[in-house]
Amino acid sequence: MNNGRTKFEYLQHPFFEKERMCRHHARGLGTIRRQPEHEAQQFRQEDDTVGVTSKEETDIGEIRRCAGCHRFEPKFASSSKHFVEVGDSDTGRCVCLACCRTLVTSSDEVIPLWEQVLNFFEGPLGLITDEDSISGVSRQSLKSIPVMLVGLNALNDNMKKHSDGVHYKSSQIMTRGLCLSEFCGHTTESVGVTAILCLSGLPSDLTASILAHECMHAFIKLHPNFRYGKHLPLMVEEGLCQLIAFLFLNDGLEPCDTTEKEDDSIPTDAKLRQYFKFCIETDEGLYGQGFRLAARAYAEIGMQELLYYIALNRDFPPID
């Protein structure tokens, strides 16, 4: 204690080096796995007293977090550094100034991002073709799927109706995308994808990676090798989709502009892109477990062989 003020021990953010969080507010950082001590300093004792007179960290109150990069809003910063509301009036969602640079807010803005995803599936991944085929999935079949940007409440309502609790298996703070489907005709082995929903008010790179994840769900549902009546185990399918999202962030986007002068106090677009990949890599939930298994197999045998093995065995191949 010093002059009636409380000195707190702060946690260092495991990715954004300049970020500091009190222990109380860091408990909700569910998307991040703590780095080993040899990789990052775990704690820092601040030399300066914080600008509150309370004895408990919880007395600081609720601190908002960015819906994109999950950083906390600076509690005692100037109003110019405060986060921006994203339009879900009753959810309190907001984004930081860094994520606000490329914010996606309408379904029209999703169209070029969806095209980028399809280009990635057709080009680098080689998973789809220009023409319809009974042995695969065509670009046109994916392009014809309605892709809509929706608010958090609409996404949650559809998730409760269609996902059977699937998205609760991730350690992500909130669900951000959904692939809707329905049975076709009188068979459980024929399925049509009716829509892809993506959460509005997120930065462009993150939105595109969500679309890549959901596109892989659609690919699996439409491909004749993956029958809906024999759907894949959750960890296998979500791991594959997270692998695709990660690869897209790595290889499917244009390089970030490094020439434009930016505010040094907030992350660059390149740093944000790294963070989105970091979240996929370090997710401690079922999604993250599946991703790491999928990534190891992909590195060993490639995408085509990996999908062929999963179609036959409904599991990842054993990799020593």
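Here's what I pulled together on the structure shown here. Positions within a chain are numbered from 1, following the residues in the order the chain's sequence is written. The model is predicted, so local features are restricted to residues of pLDDT at least 70 and side-chain atom pairs to those at 80 or more, both for listing and for counting; the totals for chains, interfaces and linings are taken over all residues. Hydrogens and water molecules were not included; the side-chain quantities draw on all heavy atoms of the structure.

### As for the packing of helix H3 (residues 107–122) against helix H6 (residues 204–222)
In contact at an axis separation of 9 Å, H3 and H6 are set at 55 degrees when each is read in the N-to-C sense. Considered as vectors, H3 and H6 are oriented oblique to each other. Between H3 and H6 lies a crossing whose hand is right-handed. In this structure, H3 contributes Val110, Leu113, Trp114, Val117, Leu118 and Phe121 to the contact, and H6 contributes Ser204, Thr207, Ala208, Leu211, Ala212, Cys215, Met216 and Phe219. Inter-axis angles, ranging from 0 to 180 degrees, are taken between N-to-C directions of lines fitted to C-alpha atoms, where helices are fitted over the stretch in contact. Elements are defined by DSSP. Helices are runs of H or I of four residues or more, strands are runs of E of two residues or more, and each kind is numbered from the N terminus. Any angle that is under 35 degrees is reported as roughly parallel, and any over 145 degrees as roughly antiparallel; angles of 65 to 115 degrees are reported as roughly perpendicular and all others as oblique. By the definition used in this description, the sense in which the near helix is turned from the far one sets the handedness, with an anticlockwise turn below a right angle giving left-handed and a clockwise turn giving right-handed. Any two residues whose heavy atoms approach within 4.5 Å at even a single point are treated as in contact.

### Details of unusual backbone geometry
We note that histidine 70 has phi near 65 degrees; this positive angle belongs to a residue other than glycine. For histidine 70, the location among the structural elements is in the loop between strand E3 (43–45) and strand E4 (84–85). Unusually for a residue other than glycine, arginine 314 sits at a positive phi of about 55 degrees. On the secondary structure map, arginine 314 appears in the segment after helix H10 (303–313).

### Structural notes on the environment of asparagine 153
Assignment of secondary structure puts asparagine 153 in helix H5 (residues 152–162). When accessible area is computed with a 1.4 Å probe and restricted to protein chains, residues below 20% of their type maximum are described as buried, those above 50% as exposed, and intermediate ones as partly exposed. Among the residues examined, asparagine 153 registers a relative accessible area of 36% and is labelled partly exposed. Sequence separation between asparagine 153 and threonine 91 is 62 residues, and the spatial gap between their C-alpha atoms is 8.0 Å.

### Here's the deal with the environment of phenylalanine 72
Mapped onto the elements of the fold, phenylalanine 72 is located in the loop between E3 and E4. Sequence separation between phenylalanine 72 and cysteine 96 is 24 residues; the distance between their C-alpha atoms is 8.6 Å.

### Some details on the nonpolar core
Nonpolar side chains in soluble globular proteins tend to be buried together. The set of buried Ala, Val, Leu, Ile, Met, Phe, Trp, Tyr and Cys residues whose side-chain atoms join them within 4.5 Å is what this entry labels a nonpolar core. The biggest cluster of nonpolar side chains holds 81 residues, and the ones touching the most others in it are Phe121, Leu127, Leu211, Met216 and Phe219. Ignoring sequence-local partners within four residues, the contact set of phenylalanine 121 consists of Gly126, Leu127, Ile128, Ala212, Cys215, Met216, Phe219 and Ile244.

### So, H6
A helix is expected to reach a length of 1.5 Å times the quantity of its residues less one. If you check H6, its first and last C-alpha atoms are 26 Å apart, about what 19 residues at 1.5 Å a residue would give, namely 27 Å. For H6, the buried fraction is high: 18 of the 19 residues fall into the buried class.

### With respect to the side chain of histidine 213
Secondary-structure assignment places histidine 213 in helix H6. On the basis of relative accessible area, histidine 213 is assigned to the buried category, the value being 6%. Reaching out from histidine 213, the side chain makes a polar contact with the side chain of histidine 217 at a distance of 3.1 Å. Beyond its immediate stretch of four places on either side in the chain, histidine 213 contacts Glu238, Cys241, Gln242, Ala245 and Tyr287. Each polar contact in these results corresponds to two N or O atoms within 3.5 Å; when the atoms are within protein, one needs to be able to donate a hydrogen and the other to accept it, and residues that are neighboring in sequence are counted only if both atoms are side-chain atoms.

### As for the pattern of salt bridges
Any carboxyl oxygen of Asp or Glu that lies within 4 Å of a side-chain nitrogen of Lys or Arg is treated as forming a salt bridge with it. Enumeration over the complete set of coordinates arrives at seven salt bridges. Taking the shortest distance from any N to any O, the salt bridge between arginine 64 and glutamate 73 comes out at 3.0 Å. The exposure class assigned to arginine 64 is partly exposed, which follows from its relative accessible area of 28%. Residue glutamate 73 is classed as buried on the basis of its relative accessible area of 13%. Among the salt bridges present, the one from arginine 101 reaches aspartate 269, with a minimum N-O distance of 2.9 Å. Here arginine 101, found in the loop between helix H2 (97–100) and strand E6 (103–104), pairs with aspartate 269, found in helix H8 (residues 269–282); they are 168 residues apart in sequence, far enough to count as distant. Arginine 101 sits in the partly exposed class, given a relative accessible area of 34%. Looking at aspartate 269, the relative accessible area reads 22%, which means it is partly exposed. Bridged by salt links that share partners, the residues Glu115, Glu122, Arg139 and Lys143 form one connected network.

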